Amino acid sequence: MKKRLKVITLGCSKNSVDTEHLLAALPADAFELCDSFPLDYLLYNTCGFIGDAKEESIQAVLEGAQAKNRGDVGQLLVFGCLSQRYASQLPSLIPEVDAWFGARDLNPVLHYLGLPSSRFVSRRQEQKRGYAYLKISEGCDRRCSYCAIPFIRGAHRSVPFEELEQEARSLVAEGVSELILIAQDTTFYGLDLYGRRALAELLERLSAIEGVERLRIHYSYPTDFPEDVLEQMANNPKVCKYLDIPLQHISDTVLGNMHRHIDSASTKALIRRMREKVPGVVLRTTMIVGHPGEGEKEFGELLDFVREARFERLGAFCYSEEEGTWGAEHLKDDVPEDVKRSRLDELMALQADISLSFNRSRIGSTARVMVDGIVNGNYVCRSEWESPDVDGEILVATEKADKKLIGSYIDVRIEAADEYDLTAVQL
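A brief look at the structure comes next. (Residues numbered from 1 in each chain as written. Predicted model: local features only at pLDDT ≥ 70, side-chain atom pairs only at ≥ 80, totals over all residues. Heavy atoms only, no water.)

**Observations concerning the overall build of the protein**
Step number 1: Looking only at helices and strands, the protein has 15 helices and 18 strands in total.
Step number 2: The C-alpha radius of gyration of the protein comes to 22 Å, within 12% of the 22 Å expected for a compact globule of 427 residues.
Step number 3: Principal axes of the C-alpha set define a box for the protein whose edges measure 60 × 55 × 45 Å.
Step number 4: Relative to its 427 residues, the protein shows a buried fraction of 53%.
Step number 5: A fraction of 74% describes how many contacts in the protein between residues 6 or more apart in sequence connect residues 24 or more apart.
Step number 6: For the protein, the computed accessible surface area is about 18200 Å², with 49% contributed by carbon and sulfur atoms.
Step number 7: Side-chain charges of the protein comprise 51 positive and 68 negative groups, with the mean position of each set lying 3 Å from the other. (Helix = DSSP H or I, 4+ residues; strand = E, 2+ residues; numbered from the N terminus. Rg over C-alpha atoms; globule rule 2.2 N^0.38 Å. Buried < 20%, exposed > 50% of the residue type's maximum accessible area, 1.4 Å probe, protein only. Contact = heavy atoms within 4.5 Å. Areas by Shrake-Rupley, 256 points an atom, 1.4 Å probe, with all protein chains shown as cover. Lys, Arg positive; Asp, Glu negative; His and termini not counted. Charge placed at Lys NZ, Arg CZ, Asp CG, Glu CD.)

Pasting the structure below:
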């Protein structure tokens, strides 16, 4: 009989890719993927990045332990960033877990299940859709003072061109037409394998694959940004005029404390070049408020910069001291929690006004959008200027929704806008 198995993925899109690689390696004649109890195996792919994510992962595993104690689960397995980071503490805290694996231990998970090793170049999507994340590298060589990723995921390791092309073709064969390139730092791609930054060449190679319609770049580091990527964005019609580039701050004092290896003037010059070289580009960034050294002056600099740069998309979160990082060991967490929260609210209120202004400027324009789903009789869509999970959506009313359109493209005209979402009609 087939073994009943379920994988619950927590955390970022990079974890989702790991899960889909693992699922693809499970023989269909030996394992049945299930959403309900009873289960022979329940696996958790965990996140261990910041406090809230760790709490979510621990709570989820505890719920799995309860299910096992009820007899609904045969074996409980945990892998991913949380178990990588706290490998020595967790087994005694949650003894119901049968086996713990790290963030880089997909083959050991297969071995535990009695399966051979895999090269993990194919994917089995957790749900069918028209887009997929393509993880182009693992780990990170940056040493930002607040970040635990380098000692969780290890040093930067690029995936060779050929493997990514093979994986892209397998995704296209399953109906994917938009590939979202992700890594801890996509701009570092190729340095370890080819001795050069090769993200632009990778974009060119992937765009040559028949069936690939859109390529989107996430998580780019501003220091030494490869300018040939901007040329691809400006001239390659398959590369979205969209870039996710977490800047974290603009104050020289805070950037220095963060070990970002870039200053305020260079950051502002980079943003200007991006807008000049790629007209119409939409920029998404992330900011941290309340980092050690951020006084009222430094926070004021951040607000002024956001007003000036007018990022179309911006997310932010409060600084969280993470054990083991350089910042936790050498910097005092000197901004009170209530001040952090107040600053976060002020920054996001400012961004809401900027986002509303940008969205309203699109009213009356047309766009080619991908249909991601159907909710309350509306098609839920995205243009090249929206990324899934993090950006707003374009809602298109329809008298009779056709599920066959999910994953395909339609043309729409924008009719209305709020701070985050747009409303459109199909043309």
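**Focus on the packing of helix H13 (residues 296-309) against helix H15 (residues 337-361)**
Step number 1: Between H13 and H15, whose axes approach to 10 Å, the crossing angle comes to 10°. As judged from the angle between their axes, H13 and H15 are roughly parallel. The two elements H13 and H15 meet at a crossing, and its hand is right-handed. Between H13 and H15, the residues in contact are Glu296, Phe299, Leu302, Leu303, Val306 and Arg307 and Arg343, Glu346, Leu347, Leu350, Gln351 and Ile354, respectively.
Step number 2: Tallied by class, the residues present in the contact of H13 with H15 amount to seven nonpolar, one polar and four charged. (Axes fitted to C-alpha atoms, helices over the stretch in contact; angles between N-to-C directions. Parallel < 35°, antiparallel > 145°, perpendicular 65-115°, else oblique. Left-handed = near helix turned anticlockwise from the far one by under 90°. Nonpolar A, V, L, I, M, F, W, Y, C, P; charged D, E, K, R; others polar.)

**Structural notes on the sheet that holds strand E9 (residues 178-182)**
Step number 1: Taken together, the six strands give an open sheet; going across it, the order is E6-E9-E10-E11-E12-E13, and neighbouring strands pair in parallel fashion. Every other strand in the sheet has two partners, leaving strand E6 (131-135) and strand E13 (313-318) as the edge strands with one partner each. Recorded for the sheet is a direction-independent mean angle of 20° between the axes of neighbouring strands.
Step number 2: Of the strand pairs in this sheet, strand E10 (residues 214-217) and strand E11 (residues 239-244) are connected by two bridges, and their pairing is parallel. In the strand pairing of E11, Ile217 is matched with Leu243.
Step number 3: Strands E6, E9, E10 and E11 of the sheet are contacted by helix H9 (residues 199-207), whose axis makes an angle of about 160° with E10. (Pairing = 2+ DSSP bridges.)

**Things to note about the pairing of E10**
Step number 1: With burial as the criterion, each face of E10 is covered, one bearing Arg214 and Arg216 and the other bearing Leu215 and Ile217.
Step number 2: In this structure, E9 lies alongside E10, joined through four bridges in parallel fashion. Bridge pairing links Glu178 to Arg214 in E10.
Step number 3: Regarding the hand of the β-α-β motif, the stretch spanning E10, helix H10 (residues 227-235) and E11 is right-handed. (Right-handed = clockwise from strand over helix to strand, strands pointing away.)

**Overview of empty space enclosed by the protein**
Step number 1: Evaluated as defined, the whole model comprises one cavity of 30 Å³ or more.
Step number 2: As a volume, the largest cavity reaches approximately 80 Å³.
Step number 3: Lining the largest cavity are Phe49, Ile50, Tyr146, Cys147, Ala148, Ile288, Phe317, Cys318, Tyr319, Ser320 and Glu322.
Step number 4: When the residues that make up the lining of the largest cavity are grouped by side-chain class, the tally is nine nonpolar, one polar and one charged. (1 Å grid on protein atoms, 1.4 Å probe; cavity = no way out; pocket = protein on both sides within 12 Å on 5 of 7 lines; lining within 4 Å. Points joined across faces, edges and corners; volume = space filled by probe spheres on them.)

**Examining the layout of surface pockets**
Step number 1: Approximately 1200 Å³ is the volume found for the largest pocket.
Step number 2: Cys12, Lys14, Phe49, Tyr219 and Phe317 are the residues nearest the centre of the largest pocket, which is lined by 42 residues in total.
Step number 3: Mapped by element, the contributors of at least two residues to the lining of the largest pocket are helix H1 (13-24), helix H2 (51-70), strand E7 (137-138), helix H6 (149-153), strand E12 (282-289) and E13.
Step number 4: Each residue belonging to the lining of the largest pocket can be placed in one class, and the counts come to 20 nonpolar, 11 polar and 11 charged.

**Comments concerning the nonpolar core**
Step number 1: Counting 54 residues, the largest nonpolar core has Leu179, Leu181, Met274 and Phe311 as its most contacted members.
Step number 2: If we skip the residues at most four places from it in the chain, Met274 touches Phe225, Leu230, Leu243, Ile245, Val281 and Leu283.
Step number 3: In this structure, Leu23, Leu106, Leu110 and Leu113 belong to the second largest nonpolar core, which totals 18 residues. (Core = buried A, V, L, I, M, F, W, Y, C linked by side-chain atoms within 4.5 Å.)

**Comments concerning the packing of aromatic side chains**
Step number 1: Considering all chains together, one arrives at seven aromatic pairs under this definition.
Step number 2: On the basis of an interplanar angle of 75° and a centroid distance of 5.9 Å, the ring pair of Phe101 and Tyr112 is categorised as edge-to-face. Of this pair, Phe101 sits in the loop between strand E5 (99-100) and helix H5 (106-112) while Tyr112 sits in helix H5; the two residues are 11 residues apart in sequence, bridging distant segments of the chain.
Step number 3: Classification of Tyr112 as partly exposed rests on a relative accessible area of 33%. (Phe/Tyr/Trp six-rings, centres within 6.5 Å; stacked < 30°, edge-to-face > 60°.)

**Brief notes about the packing of H9 against H10**
Step number 1: For the pair H9 and H10, the least separation of the axes is 8 Å and the interaxial angle reads 30°. On the basis of the axis angle, H9 is roughly parallel to H10. Contacts between H9 and H10 involve Leu199, Ala200, Leu203 and Glu204 on the former and, on the latter, Asp228, Val229 and Gln232.
Step number 2: Along the lines of polarity and charge, the residues of the contact of H9 with H10 split into four nonpolar, one polar and two charged.

**Notes on the environment of Ile8**
Step number 1: With respect to the helices and strands, Ile8 occurs in strand E1 (residues 3-9).
Step number 2: Considered as a pair, Ile8 and Ala234 are 226 residues apart in the sequence and their alpha carbons are 39 Å apart.
Step number 3: Setting aside anything within four residues of it in sequence, one finds Ile8 in contact with Leu42, Leu43, Tyr44 and Asn45.

**Some thoughts on H1**
Since the α-helix turns once every 3.6 residues, residues separated by three or four places project in the same direction.
Step number 1: Given a rise of 1.5 Å per residue, 12 residues ought to cover 16 Å, and the 17 Å separating the end C-alpha atoms of H1 matches this to within 8%.
Step number 2: A large share of H1 lies buried, amounting to 11 of its 12 residues.
Step number 3: When we look at burial in H1, the residues that qualify are Ser13, Lys14, Asn15, Ser16, Val17, Asp18, Thr19, Glu20, His21, Leu22 and Leu23. (Expected span 1.5 Å × (residues − 1).)

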